[in-house]
Amino acid sequence: MDCKKLIEESSRYIMNTYNRFPIVLRKGRGIKVWSFDGKEYLDFVGGVAVNILGHCHPRVVVAIQKQAQRLLHVSNYYHIEPQIRLAKLLVEHSFADKAFFCNSGAEANEAAIKLARKYAKENIGTDRFEIITAKNSFHGRTLATITATGQEKFQKGFEPLVPGFSYVPFNDVPAISGAITKNTCAILLEPIQGEGGVKVPDHDYLKKVRELCNEHNLLLILDEVQTGMGRTGKFFAYEHFGITPDIMTIAKGLGGGVPIGAMLATDKAASGFQPGNHATTFGGNPLVCTAAIATIETLLEDGFILDQCNRMGKYLQERLENLKDTFPNLIVDVRGLGLLLGMELTTEGDPIVRACLEKGVLINCTTGNVLRFIPPLIVQHKDIDYLMNVLEKIFERLQ
Ligand SMILES: *Cc1c(COP(=O)(O)O)cnc(C)c1O
């Protein structure tokens, strides 16, 4: 297959919304992917925190194959067996009592915003609709979620935005306290800001936000679209911080590669939705739920993958710290939890991402100067050693 021709046709037929790298991927197994021209890559992007079990994990593939033969899609007018099993699995392994299924992270956040408004109007006060979010956050690309997102670059050109959002600096409890008004209904936060440059808050931040929510009768919504599904070394990131939210959104890793999102909530918060209030045609369909069940069962089985995530996260973080010590003029910070790691540079990250691509390693850069490492949780020492070898040579050249 001619890669050059494919890329030409990509620009010709596909809407121009992404700056894509000049490769076309054809096949993946574990942490490796291969392009149409036969080149092999180690994938430290993992579909942006999606492929938690690596590419084409056999248990997920077989589950999808079997379900595809049995039943692909039916309407939510009827009870859906894989959806019920998935909801039960998520409820049994989290703070939540109820699940709502949709198709992406943005949709899960959109559902959370609607549920918070509906619940608050009915249970706290008709004038309670405002949601406080963090500056530098990322919550998705629909109109309400770009509004929730505390970064102007995602909002510019799409005004007027959705009313009812206010923004505070991340990791700043007094700022939240000062932003609460008589109209506030909820606080929406990522436990760790992913797209915003892998920003980890102080250990007691979420605990103090939880206390503020209790004091003022506000809902705490955690966006775990990126941090959930084992990414930080626990099933969900909130488990690190000794608190539980009222509502939580997940997506990315949930389906092991198929598009599925979910909003989880306590019974109390979930009571805000009644039949007819919210829906989506494809949400929780048999195919994607079956893939998610296989993904979660594999992830949680005997704890091996979460252990691997913790061990490899620690190892990669140590290696990146060493690189920082060697190149203190180029690298200013290494941070993150589990296998959600960021390395902040004094220079643009894009040339480094491109140099890695040349050497057969896929990495990502966010906010212009933070290299982000979000590989499958099954990554091994030898993969990290390969990446570090490539990075060392690139930084030596840059020096
Ligand atoms: C990726 C992401 C989203 C958006 O998810 P989509 O599936 O792209 O809509 C929302 N919140 C966070 C924290 C994310 O990382």
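Computed from a predicted structure; not experimentally measured. (Residues numbered from 1 in each chain as written. Predicted model: local features only at pLDDT ≥ 70, side-chain atom pairs only at ≥ 80, totals over all residues. Heavy atoms only, no water.)

S.K.: I tried to follow the overall build of the protein chain on my own but got confused; where do I start?
M.R.: When helices and strands are tallied, the protein chain shows 14 helices and 15 strands. Out of the 399 residues in the protein chain, the part that is buried amounts to 54%. Pairs at least 24 apart in sequence give 71% of the contacts found in the protein chain among residues at least 6 apart. Put simply, the protein chain shows about 18,200 Å² of open surface, and 53% of that area lies on carbon and sulfur atoms. (Helix = DSSP H or I, 4+ residues; strand = E, 2+ residues; numbered from the N terminus. Buried < 20%, exposed > 50% of the residue type's maximum accessible area, 1.4 Å probe, protein only. Contact = heavy atoms within 4.5 Å. Areas by Shrake-Rupley, 256 points an atom, 1.4 Å probe, with all protein chains shown as cover.)

S.K.: Explain the sheet that holds strand β13 (residues 361-362) to me, please; I cannot follow it from the model alone.
M.R.: Through backbone hydrogen bonds, the strands of a sheet pair up, either in parallel or in antiparallel fashion. With respect to topology, 4 strands assemble into an open sheet ordered β1-β2-β3-β13, the strand pairing being mixed. A single partner strand is all that each edge strand has here, and the edge strands are β1 (25-29) and β13. Of the strand pairs in this sheet, strand β2 (residues 32-35) and strand β3 (residues 40-43) are connected by 3 bridges, and their pairing is antiparallel. Within the sheet, the bridge partner assigned to K32 lies in β3 and is L42. (Pairing = 2+ DSSP bridges.)

S.K.: Is there a simple way to explain a positive patch on the surface in this structure?
M.R.: The grouping of K39, K359, K393 and R397 at the surface amounts to a positive patch. Along the chain, the position of K393 falls in helix α14 (residues 381-398). With relative accessibility at 54%, the residue K393 sits in the exposed group. (Patch = residues over 30% accessible without salt bridge, like charges linked within 9 Å, V, L, I, M, F, W, Y side chains within 5 Å. Salt bridge = Lys/Arg side-chain N within 4 Å of Asp/Glu carboxyl O. Lys, Arg positive; Asp, Glu negative; His and termini not counted. Charge placed at Lys NZ, Arg CZ, Asp CG, Glu CD.)

S.K.: What is the right way to read the pattern of salt bridges from this model?
M.R.: Side-chain pairs of opposite charge can arise whenever the charged atoms involved come near each other. Counted by the stated rule, this structure contains 17 salt bridges. The partner of K118 in a salt bridge is E122, with the nearest N and O atoms 2.6 Å apart. Taken as a pair, K118 and E122 lie in helix α5 (residues 105-123) at a separation of 4 residues, close to a single helical turn. Under the relative-accessibility criterion, K118 is labelled partly exposed at 25%. The closest approach of N and O atoms between R210 and D246, which form a salt bridge, is 3.0 Å.

S.K.: Is there a simple way to explain the environment of K5 in this structure?
M.R.: Turning to its location among the elements, K5 is positioned in helix α1 (residues 3-13). It is 11 Å that separates the C-alpha atoms of K5 and P22, two residues lying 17 residues apart in sequence.

S.K.: Sorry if this is basic, but what is going on with the packing of helix α12 (residues 304-326) against α14 here?
M.R.: The relative placement of two packed helices comes down to the angle between their axes together with the axis-to-axis distance. Interhelical geometry of α12 versus α14 gives an angle of 15° and a closest axis separation of 11 Å. In terms of orientation, α12 lies roughly parallel with respect to α14. As α12 packs across α14, the resulting crossing turns out to be right-handed. Touching M312, Y315, L316, R319, L320 and L323 of α12 are H381, I384, D385, L387, M388, L391, E392 and F395, all from α14. (Axes fitted to C-alpha atoms, helices over the stretch in contact; angles between N-to-C directions. Parallel < 35°, antiparallel > 145°, perpendicular 65-115°, else oblique. Left-handed = near helix turned anticlockwise from the far one by under 90°.)

Function cannot be inferred from these measures alone, as they are strictly geometric.
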